[in-house]
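Secondary and tertiary structure notes
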Amino acid sequence: MEQTNIFGYLYPDYKITKPIRLIELFAGIGSQAMALRDLGVEFEHHKVIEFDRFAIKSYNAIHGTAFDVLDIRDIHAADLEIVDKDKYCYIMTYSFPCQDLSKAGKQKGMSKGSGTRSGLLWEVERILNELKSKETLPQVLLMENVPDVVGNKNYKDFMQWYAALENMGYQSYYKILNAKDY
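The present account deals with the structure reproduced in this document. (Residues numbered from 1 in each chain as written. Predicted model: local features only at pLDDT ≥ 70, side-chain atom pairs only at ≥ 80, totals over all residues. Heavy atoms only, no water.)

All right, on to the packing of aromatic side chains then. Under the definition given, this model contains seven aromatic pairs. Ring geometry for Y162 and Y174: centres 5.7 Å apart, planes at 85°, overall edge-to-face. Within this pair, whereas Y162 is found in helix 5 (residues 155-167), its partner Y174 is found in the segment after helix 5, the two being separated by twelve residues in sequence. Residue classification places Y174 among the partly exposed positions, given a relative accessible area of 36%. Put simply, the rings of Y94, W122 and W161 pair up and form one aromatic cluster. Taking NZ or CZ as reference, R21 lies 3.6 Å from the ring centre of Y88, over its face. (Phe/Tyr/Trp six-rings, centres within 6.5 Å; stacked < 30°, edge-to-face > 60°. Helix = DSSP H or I, 4+ residues; strand = E, 2+ residues; numbered from the N terminus. Buried < 20%, exposed > 50% of the residue type's maximum accessible area, 1.4 Å probe, protein only. Lys NZ or Arg CZ within 6 Å of the ring centre and 35° of its normal.)

Structural data, given as C-alpha coordinates:
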(Lines give C-alpha, C1' and ligand atoms only; values in the text may rest on other atoms or scores of the structure.)
Protein backbone atom coordinates (compact mmCIF):
# COMPACT_ATOMS: atom_id res chain seq x y z
CA MET A 1 0.00 0.00 0.00
CA GLU A 2 1.39 3.41 -0.99
CA GLN A 3 1.45 6.12 1.64
CA THR A 4 -0.33 9.38 0.84
CA ASN A 5 1.89 12.44 0.67
CA ILE A 6 -0.06 15.32 2.23
CA PHE A 7 2.39 17.86 0.80
CA GLY A 8 1.06 17.11 -2.67
CA TYR A 9 -2.30 18.41 -1.48
CA LEU A 10 -1.08 21.32 0.63
CA TYR A 11 1.43 22.73 -1.82
CA PRO A 12 0.28 23.09 -5.40
CA ASP A 13 2.86 22.32 -8.06
CA TYR A 14 4.61 25.35 -9.47
CA LYS A 15 6.02 24.90 -12.95
CA ILE A 16 8.62 27.24 -14.39
CA THR A 17 8.14 27.44 -18.13
CA LYS A 18 10.28 30.47 -18.98
CA PRO A 19 14.05 31.01 -18.98
CA ILE A 20 15.29 31.67 -15.43
CA ARG A 21 17.11 34.80 -14.36
CA LEU A 22 18.71 34.25 -10.96
CA ILE A 23 19.09 37.10 -8.47
CA GLU A 24 21.18 36.19 -5.42
CA LEU A 25 21.10 38.50 -2.41
CA PHE A 26 23.73 37.72 0.24
CA ALA A 27 25.22 35.55 -2.49
CA GLY A 28 28.40 34.39 -0.76
CA ILE A 29 30.13 32.06 -3.20
CA GLY A 30 26.87 31.22 -4.97
CA SER A 31 25.59 28.08 -3.24
CA GLN A 32 22.10 28.51 -4.69
CA ALA A 33 23.52 28.91 -8.18
CA MET A 34 25.60 25.78 -7.60
CA ALA A 35 22.50 23.87 -6.50
CA LEU A 36 20.62 24.88 -9.66
CA ARG A 37 23.64 23.98 -11.76
CA ASP A 38 24.01 20.60 -10.06
CA LEU A 39 20.30 19.90 -10.62
CA GLY A 40 20.81 20.56 -14.33
CA VAL A 41 18.59 23.66 -14.30
CA GLU A 42 19.45 26.19 -16.99
CA PHE A 43 19.56 29.78 -15.72
CA GLU A 44 21.23 33.12 -16.22
CA HIS A 45 23.25 34.72 -13.42
CA HIS A 46 21.27 37.96 -13.58
CA LYS A 47 22.27 39.91 -10.44
CA VAL A 48 24.50 39.12 -7.48
CA ILE A 49 24.52 41.20 -4.31
CA GLU A 50 27.41 40.43 -1.95
CA PHE A 51 29.47 42.86 0.10
CA ASP A 52 32.37 40.57 1.03
CA ARG A 53 35.12 41.13 -1.54
CA PHE A 54 36.64 37.69 -1.00
CA ALA A 55 33.28 35.97 -1.43
CA ILE A 56 32.51 37.85 -4.66
CA LYS A 57 36.00 37.07 -5.99
CA SER A 58 35.32 33.38 -5.27
CA TYR A 59 31.83 33.64 -6.78
CA ASN A 60 33.24 35.05 -10.01
CA ALA A 61 35.99 32.40 -10.17
CA ILE A 62 33.55 29.53 -9.56
CA HIS A 63 30.82 30.73 -11.92
CA GLY A 64 32.81 32.50 -14.63
CA THR A 65 31.10 35.82 -13.93
CA ALA A 66 32.34 39.36 -13.31
CA PHE A 67 30.10 40.80 -10.58
CA ASP A 68 31.20 43.71 -8.41
CA VAL A 69 31.04 43.98 -4.64
CA LEU A 70 27.66 45.47 -3.65
CA ASP A 71 26.11 46.17 -0.24
CA ILE A 72 22.42 45.30 0.05
CA ARG A 73 21.83 48.52 1.99
CA ASP A 74 22.72 50.45 -1.17
CA ILE A 75 20.54 48.40 -3.56
CA HIS A 76 17.16 49.53 -4.86
CA ALA A 77 14.51 47.93 -7.04
CA ALA A 78 15.81 49.49 -10.25
CA ASP A 79 19.26 47.97 -9.63
CA LEU A 80 17.80 44.47 -10.00
CA GLU A 81 16.57 45.21 -13.54
CA ILE A 82 13.53 42.96 -13.41
CA VAL A 83 12.03 43.39 -16.86
CA ASP A 84 10.11 41.32 -19.39
CA LYS A 85 8.46 39.10 -16.78
CA ASP A 86 6.36 37.69 -19.60
CA LYS A 87 9.60 36.27 -21.08
CA TYR A 88 11.57 35.36 -17.93
CA CYS A 89 11.03 33.78 -14.54
CA TYR A 90 12.98 35.67 -11.89
CA ILE A 91 14.11 33.62 -8.92
CA MET A 92 15.48 35.68 -6.06
CA THR A 93 17.41 33.94 -3.30
CA TYR A 94 18.39 35.51 0.00
CA SER A 95 20.64 33.73 2.46
CA PHE A 96 20.96 36.56 4.94
CA PRO A 97 23.63 36.35 7.69
CA CYS A 98 22.97 33.68 10.31
CA GLN A 99 25.52 34.73 12.93
CA ASP A 100 22.86 36.32 15.13
CA LEU A 101 20.52 33.32 14.84
CA SER A 102 22.75 30.27 15.03
CA LYS A 103 23.43 28.43 18.28
CA ALA A 104 27.11 28.78 17.35
CA GLY A 105 26.73 32.55 17.00
CA LYS A 106 25.84 35.49 19.20
CA GLN A 107 22.06 34.84 19.11
CA LYS A 108 21.18 38.57 18.98
CA GLY A 109 18.23 37.81 16.71
CA MET A 110 16.83 39.31 13.51
CA SER A 111 14.28 41.81 14.75
CA LYS A 112 13.37 44.62 12.40
CA GLY A 113 15.49 47.67 13.22
CA SER A 114 17.79 45.68 15.53
CA GLY A 115 20.95 46.54 13.63
CA THR A 116 22.12 42.93 13.83
CA ARG A 117 23.70 41.19 10.87
CA SER A 118 20.73 38.82 10.74
CA GLY A 119 18.45 41.87 10.84
CA LEU A 120 19.63 42.60 7.29
CA LEU A 121 16.71 40.37 6.29
CA TRP A 122 14.56 43.48 6.48
CA GLU A 123 16.58 45.07 3.68
CA VAL A 124 15.04 42.37 1.50
CA GLU A 125 11.60 43.56 2.61
CA ARG A 126 12.52 47.14 1.67
CA ILE A 127 13.64 46.03 -1.78
CA LEU A 128 10.57 43.83 -2.29
CA ASN A 129 8.29 46.72 -1.33
CA GLU A 130 10.04 48.90 -3.90
CA LEU A 131 9.63 46.16 -6.50
CA LYS A 132 5.96 45.75 -5.60
CA SER A 133 5.32 49.45 -6.10
CA LYS A 134 6.75 49.09 -9.62
CA GLU A 135 4.85 45.81 -10.18
CA THR A 136 8.13 43.98 -10.78
CA LEU A 137 8.24 41.45 -7.94
CA PRO A 138 10.21 38.28 -8.74
CA GLN A 139 7.97 35.30 -9.37
CA VAL A 140 9.89 33.01 -6.99
CA LEU A 141 11.68 33.69 -3.70
CA LEU A 142 13.95 31.25 -1.91
CA MET A 143 15.25 31.89 1.58
CA GLU A 144 17.96 29.74 3.13
CA ASN A 145 19.19 29.96 6.71
CA VAL A 146 19.83 27.99 9.90
CA PRO A 147 17.02 26.12 11.71
CA ASP A 148 17.00 28.71 14.50
CA VAL A 149 15.43 31.19 12.09
CA VAL A 150 12.17 29.55 13.22
CA GLY A 151 13.39 28.73 16.73
CA ASN A 152 11.65 29.99 19.87
CA LYS A 153 13.71 33.18 20.11
CA ASN A 154 13.17 34.18 16.46
CA TYR A 155 9.75 32.71 15.70
CA LYS A 156 7.84 35.99 16.22
CA ASP A 157 10.19 37.82 13.84
CA PHE A 158 9.99 34.99 11.32
CA MET A 159 6.21 35.10 11.38
CA GLN A 160 6.36 38.88 10.86
CA TRP A 161 8.52 38.15 7.79
CA TYR A 162 6.14 35.43 6.64
CA ALA A 163 3.17 37.82 6.95
CA ALA A 164 5.05 40.50 5.00
CA LEU A 165 5.57 38.04 2.14
CA GLU A 166 1.92 37.04 2.13
CA ASN A 167 0.88 40.72 2.15
CA MET A 168 2.96 41.16 -1.01
CA GLY A 169 1.01 38.34 -2.65
CA TYR A 170 3.44 35.46 -2.19
CA GLN A 171 2.22 32.02 -1.22
CA SER A 172 4.87 30.95 1.28
CA TYR A 173 6.00 27.61 2.64
CA TYR A 174 8.83 26.75 4.97
CA LYS A 175 10.45 23.55 5.99
CA ILE A 176 13.58 22.66 7.94
CA LEU A 177 15.81 20.45 5.83
CA ASN A 178 18.86 18.55 7.01
CA ALA A 179 21.78 19.33 4.70
CA LYS A 180 23.15 15.80 5.12
CA ASP A 181 20.14 14.55 3.15
CA TYR A 182 21.10 16.63 0.15
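On we go.
In this section: unusual backbone geometry. Here F26, not a glycine, exhibits a phi torsion of approximately 55°, which is positive. Within the fold, F26 resides in the loop between strand 1 (20-25) and helix 2 (31-38). When its relative accessible area of 13% is taken as the criterion, F26 is described as buried. Positive phi is not limited to glycine here, since E135 has a value of about 55°. When you line up the elements, E135 lands in the loop between helix 4 (121-133) and strand 4 (140-143). For E135, a relative accessible area of 70% gives the class exposed.

Keep in mind that these numbers describe shape and distance, not what the molecule does.
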